Amino acid sequence: MLNADPALVAGALLDWISQKRRDFPWRRRRDPYAVWVSEVMLQQTQAATVAPYFERWMQRFPDIHTLAAVPLEDVLKAWEGLGYYARARNLHRAARAIIAQYAGQIPANPDALLTVPGIGRYTAGAILSLAFGQPVPVLDGNVRRVLCRVDNITTDPRRTPTEQALWERARSLVESAPEGFYGDLNEALMELGAVVCTPRRPDCPRCPLNQLCLAHALGVEEARPVRSPKPRIPEHRAVAGVIVRPEDGRCLLVRRPYDGLLGGLWGFPSTLLSSDGGAHAKQLARALTEQLAIGTDIGDAVAAVKHAYTHFRVTLEALSCSIVRGEPQTGYYPEVAWSNAAEIETLPLAEIDRKIIAQISQNPLEVIR
């Protein structure tokens, strides 16, 4: 069986998207900045979740100059809850680079665009096709799934040769669209994968490509894309210190190193537990000495939370602590702060730290004045 003609696929997709396009705020504007922000937000995050974040972002940072001018703290706070915070850090860093190198204009040249921090081949394709009207392909998870089914790809799309073939197939489709509709073609592929050609139980009767889809013809659509076995997700245990200053009820928070997990976000000082490192309290006390140059008495557990990240899961126990020697120092952490309840609400905190606060009492900030 031969793959469907690109022009037939492109025509069917464009007819479908003209009638079935969902209404999202980023689809009401096609300027490069809005396209860029929305595409970064949509990476690893569902559109319905992104919509209110996008609208708040555009109110707070309406253009690239505003974004570049604010401190990273403001950017992380606006991003709080979306996860994958490297995206926010890269947006901020890229905005400043675009101001410095391109006078604040997002470049329309593919080679130049790919030099911008955080912009890879997919994001560049989305910006170039949606905002600049260029016939440049996109290949995200949704598009990959659609193409693997339409062409009945029998190899793992994460393998380099297969991925390269999928990029070429995506290119043939976008180049088959009429001039002025390149962005619509890419949007149709992404939309089809999101709402019809879903990972499980694809709605083939509603699919505009069902007469062109080889996997559907063979009845193997749910077996595509081919998936290699996933490695077991590691489970980690960690411990955090909740240090409340008795004289004023302020809590010690630290800013995580910028180049690490949750970089730039605030939270409780913490450490991963080692199976041969002794009791949890002993390991926490040692970590607080190494990280903050303080001696501590470790008290009872005040919270225990679980959180899942992309490639691992963690169970974290929070222990109450009191300082018996020294004052918290920077070094391991770029910043430390004694914060009251109102100040904590203004800081960009990781979700796992929000969970700790929520468990401390029924009134989440009751013990932190």
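Now for a description of the structure that goes with this document.

Reading the values: rules and limits
- Residues numbered from 1 in each chain as written.
- Predicted model: local features only at pLDDT ≥ 70, side-chain atom pairs only at ≥ 80, totals over all residues.
- Heavy atoms only, no water.
- Axes fitted to C-alpha atoms, helices over the stretch in contact; angles between N-to-C directions.
- Helix = DSSP H or I, 4+ residues; strand = E, 2+ residues; numbered from the N terminus.
- Left-handed = near helix turned anticlockwise from the far one by under 90°.
- Contact = heavy atoms within 4.5 Å.
- Nonpolar A, V, L, I, M, F, W, Y, C, P; charged D, E, K, R; others polar.
- Pairing = 2+ DSSP bridges.
- Phe/Tyr/Trp six-rings, centres within 6.5 Å; stacked < 30°, edge-to-face > 60°.
- Buried < 20%, exposed > 50% of the residue type's maximum accessible area, 1.4 Å probe, protein only.
- Lys NZ or Arg CZ within 6 Å of the ring centre and 35° of its normal.

### Considerations on the packing of helix H2 (residues 32-42) against helix H8 (residues 121-130)
Where H2 meets H8, the closest approach of the two axes is 9 Å, and the angle between their N-to-C directions is 145°. Note that H2 runs across H8; the crossing there is right-handed. The residues of H8 that touch H2, namely those facing Val35, Trp36, Glu39 and Val40, are Tyr122, Thr123, Ala126, Ile127 and Leu130. When the residues that make up the contact of H2 with H8 are grouped by side-chain class, the tally is seven nonpolar, one polar and one charged.

### Describing the pairing of strand E5 (residues 295-308)
Where E5 and strand E6 (residues 313-325) come together, 11 bridges link them in antiparallel fashion. If you follow His307 over to E6, its bridge partner there is Val314. Between the end of E5 and the start of E6, which pair antiparallel, lie four residues.

### Some words on the packing of aromatic side chains
Considering all chains together, one arrives at seven aromatic pairs under this definition. With centroids separated by 5.7 Å and ring planes inclined at 80°, the aromatic side chains of Trp57 and Trp79 adopt a geometry described as edge-to-face. Taken together, the residues Trp57 in helix H3 (residues 47-60) and Trp79 in helix H5 (residues 72-79) connect sequence positions 22 residues apart. Overall, Trp57 belongs to the buried group, its relative accessible area being 1%. We classify Trp79 as buried; its relative accessible area is 0%. Three or more aromatic residues link up through ring pairs in this structure, and these residues are Phe24, Trp26 and Phe54. Across from the ring centre of Trp167, 4.0 Å away, lies the NZ or CZ of Arg121, which sits over that ring.

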